[in-house]
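Chain by chain, the residues:
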Amino acid sequence: LESRERGCRIICISGGNRFGGADTKALVEIMADKLKDSMSSRAFFVTEGRPGVQQAFAERFDTGTNVLNLVCQGQKSGYSKGTDREVGITTSRQMQKVFGLIGDIYITVEGGRKVGPSG
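On a predicted model such as this, the values are computed, not experimentally measured, just so you know.

## Description of the pattern of salt bridges
Consideration 1: Tallying each qualifying case throughout the model produces four salt bridges.
Consideration 2: Note that Arg60 and Asp33 form a salt bridge whose closest N and O atoms lie 2.7 Å from each other. Of this pair, Arg60 sits in the loop between helix 3 (53-58) and strand 3 (67-71) while Asp33 is found in helix 2 (residues 24-39), placing the two residues 27 residues apart along the sequence.
Consideration 3: When its relative accessible area of 32% is taken as the criterion, Arg60 is described as partly exposed.
Consideration 4: Here Arg50 makes a salt bridge to Glu48, at a shortest N to O gap of 4.0 Å.
Consideration 5: Owing to a relative accessible area of 8%, Glu48 belongs among the buried residues under this scheme.

## Some words on the packing of aromatic side chains
Within a pair of aromatic rings, the relevant descriptors are the distance that separates the centres and the angle that separates the planes.
Consideration 1: Inspection of the entire model under this criterion finds four aromatic pairs.
Consideration 2: With 5.4 Å between their ring centres and 40 degrees between their planes, Phe57 and Phe61 make a pair best called tilted. Side by side, Phe57 and Phe61 carry an identical accessibility label, which is buried.
Consideration 3: An aromatic cluster of three or more residues is present, and its members are Phe45, Phe57 and Phe61.

## Remarks on the sheet that holds strand 4 (residues 83-86)
Consideration 1: Taken in spatial order, the five strands of this open sheet run 4-3-2-1-5, and their pairing is parallel. Both outer strands of the open sheet, strand 4 and strand 5 (105-109), are each paired with one neighbouring strand and no more. Each strand of the sheet is rotated relative to its neighbour by a mean of 30 degrees, with strand direction disregarded.
Consideration 2: Here strand 3 pairs with strand 4 via four bridges, running parallel.

## A short note on the nonpolar core
The nonpolar side chains of soluble globular proteins are, as a tendency, buried together.
Consideration 1: Ile11, Phe45 and Phe57 are the most contacted members of the largest nonpolar core, which totals 17 residues.
Consideration 2: When contributions to this core are tallied by element, the ones reaching two or more residues are strand 1 (9-15), helix 2, strand 2 (43-47), helix 3 and strand 5.
Consideration 3: Not counting residues up to four positions away in its chain, the partners in contact with Ile11 are Met39, Ala43, Phe44, Phe45, Val46, Ile105 and Ile107.

## What to know about the pairing of strand 2
Consideration 1: Summarising burial for strand 2: five of the five residues are buried, a large majority.
Consideration 2: In strand 2, alternate side chains face the same way, and those of Ala43, Phe45 and Thr47 on one face and Phe44 and Val46 on the other are all buried.
Consideration 3: Taken together, the four bridges between strand 1 and strand 2 define a ladder with parallel strand orientation. Opposite Ile11, over in strand 2, you have Phe45 as the bridge partner.
Consideration 4: Read as a crossover between parallel neighbours, the route from strand 1 over helix 2 to strand 2 is right-handed.
Consideration 5: In this sheet, strand 3 lies alongside strand 2 in parallel orientation, the contact comprising three bridges. Its bridge partner lying in strand 3, Val46 is registered against Leu68.

Quick notes on the rules
Residues numbered from 1 in each chain as written. Predicted model: local features only at pLDDT ≥ 70, side-chain atom pairs only at ≥ 80, totals over all residues. Heavy atoms only, no water. Salt bridge = Lys/Arg side-chain N within 4 Å of Asp/Glu carboxyl O. Helix = DSSP H or I, 4+ residues; strand = E, 2+ residues; numbered from the N terminus. Buried < 20%, exposed > 50% of the residue type's maximum accessible area, 1.4 Å probe, protein only. Phe/Tyr/Trp six-rings, centres within 6.5 Å; stacked < 30°, edge-to-face > 60°. Pairing = 2+ DSSP bridges. Axes fitted to C-alpha atoms, helices over the stretch in contact; angles between N-to-C directions. Core = buried A, V, L, I, M, F, W, Y, C linked by side-chain atoms within 4.5 Å. Contact = heavy atoms within 4.5 Å. Right-handed = clockwise from strand over helix to strand, strands pointing away.

Everything listed is a geometric property; what it means functionally is a separate question.
Pasting the structure below:
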């Protein structure tokens, strides 16, 4: 990723496709706002383009900011924010492997161990 050339950290956001807790969405939005305010000039935020936690996080950022949504070939995240980037793979399992290799920091909210970077 080009962010490494700029000296930025790559922060990968992972989590459940639905919100299990009543306050989880609000927590994700607050976390996104805090990270945006404190790290946006020094970090690049990456999702796998999934609904739920990842979408709620990405959509707290302004259009054109440093949020990258990795998607399988021929897919779109459907997010209103961030930039979709096809990574040339076709399965979710392959995506998990790629996602697990690129980050400097991983933040996972809900979803259990299957949504983590090494799921």
